[in-house]
Amino acid sequence: EAGSMFRRDWFEIVEELPPNLLKVCAWDLAATEVEEGKDPDYTAGCVMAKDAAGVYYIVKMIRARRSPKDVEALVEQTAKLYGRDTDYWMEQEPGSSGVNTIDRYKREVLRGFRFNGEKTTGKKADRARPLSSMCERGISDIVKYGKVKLVNGPWIEDFLDEAEAFPAGVHDDQIDAASLAFMKLAKRGW
């Protein structure tokens, strides 16, 4: 059911970030280019920040359908853009191919950056529940929005469409990346 875990009106849209934030960039990889008649998954990268008061900001959502080589270039460029004070995470798929992918990114693509893989377990909807709870808007007129804000940009409409359709929507890549970013940022303290 649309809006069962996320609703677009739960998110306040802000124009700029406050200072002194912890930052994480989390990736959910796919490496399939668009072909006629097919609707493949996206590679999604979520840049998220947290302030000292425990408010979270989705700074940017990167979403692309590209070849494996072009995905590596996108991940590397994003790391160069957001810098070495950002932690980088990637969902590690099961089996040896997942281990190999994380190893390649650690040794080659993101060498010199704080990068790790995260083995995921359980259902995607269960992994998204902590993020959903933090996004849910307050129950009074005083608290209009949840504690996850979106920094204004052209990516927002696609993100909100996917979020509101989750978990029944066709795509869940942005929510997977945002859930991983949130989990890792929530564990970091000041």
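Everything below is about the structure shown above.
S.K.: It is not clear to me how the layout of surface pockets should be interpreted in this structure. Could you clarify?
M.R.: Here the idea is plain: a probe the size of a water molecule rolls over the atoms and shows the empty space left. The volume enclosed by the largest pocket comes to roughly 230 Å³. Taken together, 15 residues form the lining of the largest pocket, with Leu-29, Ala-30, Ala-31, Thr-101 and Tyr-105 sitting closest to its centre. Counting residues per element, the ones that place at least two in the lining of the largest pocket are helix H1 (68–82), strand S5 (86–92) and helix H2 (95–109). Within the lining of the largest pocket, the residues separate by chemical class into seven nonpolar, four polar and four charged. Its boundaries defined by the atoms lining it, the second largest pocket holds a volume of some 190 Å³. Forming the boundary of the second largest pocket are Glu-91, Glu-118, Lys-119, Thr-120, Thr-121, Arg-127, Pro-130, Asp-176, Ser-179, Leu-180, Phe-182 and Met-183. Elements supplying a minimum of two residues to the lining of the second largest pocket: strand S6 (114–119), helix H3 (124–135) and helix H5 (173–187). Per element, the largest residue contribution to the lining of the second largest pocket is five residues, and it comes from H5. The residue inventory of the lining of the second largest pocket, partitioned by class, reads four nonpolar, three polar and five charged.

S.K.: Honestly, the sheet that holds strand S3 (residues 43–50) in this entry has me stumped. Any pointers?
M.R.: Two modes of strand pairing occur in sheets, parallel and antiparallel, and in both the strands are linked by backbone hydrogen bonds. The seven strands are arranged S1-S7-S4-S3-S2-S5-S6 in an open sheet whose pairing can be described as mixed. Unpaired on one side and paired on the other, strand S1 (12–14) and S6 mark the two borders of the sheet. Neighbour to neighbour, the strand axes of the sheet diverge by 30° on average, direction disregarded. Running over the sheet, H2 touches S5 and S6 and is turned about 160° from S5. Set on the sheet, helix H4 (residues 156–165) makes contact with S1, strand S4 (56–64) and strand S7 (148–151); between it and S7 the angle comes to about 145°.

Parameters and conventions
Each chain carries its own residue numbering, running from 1 in the written order of its sequence. The predicted nature of this model means local features are confined to residues of pLDDT at least 70 and side-chain atom pairs, given and counted, to a pLDDT of 80 or more, with totals for whole chains, interfaces and linings taken over all residues. Computation of side-chain values covers all heavy atoms of the structure but excludes hydrogens and water. Two kinds of site are reported from a 1 Å grid over the protein atoms alone, namely cavities, where a 1.4 Å probe fits but cannot get out, and pockets, open sets with protein on both sides within 12 Å along at least five of seven lines, and residues are called lining when an atom falls within 4 Å of a point. Grid points are joined across faces, edges and corners, and a volume is the space filled by probe spheres set on the points. Where helices and strands are cited, they refer to DSSP runs of H or I of at least four residues and of E of at least two residues respectively, numbered from the N terminus. Only Asp, Glu, Lys and Arg are considered charged, only Ala, Val, Leu, Ile, Met, Phe, Trp, Tyr, Cys and Pro nonpolar, and every remaining residue, Gly among them, polar. At least two bridges found by DSSP between two strands is the condition for calling them paired. The convention used is that axes are lines fitted to C-alpha atoms, helices contributing only their stretch in contact, and that angles between N-to-C directions extend from 0 to 180 degrees. Pairs of residues are marked as contacts when any of their non-hydrogen atoms sit within 4.5 Å.

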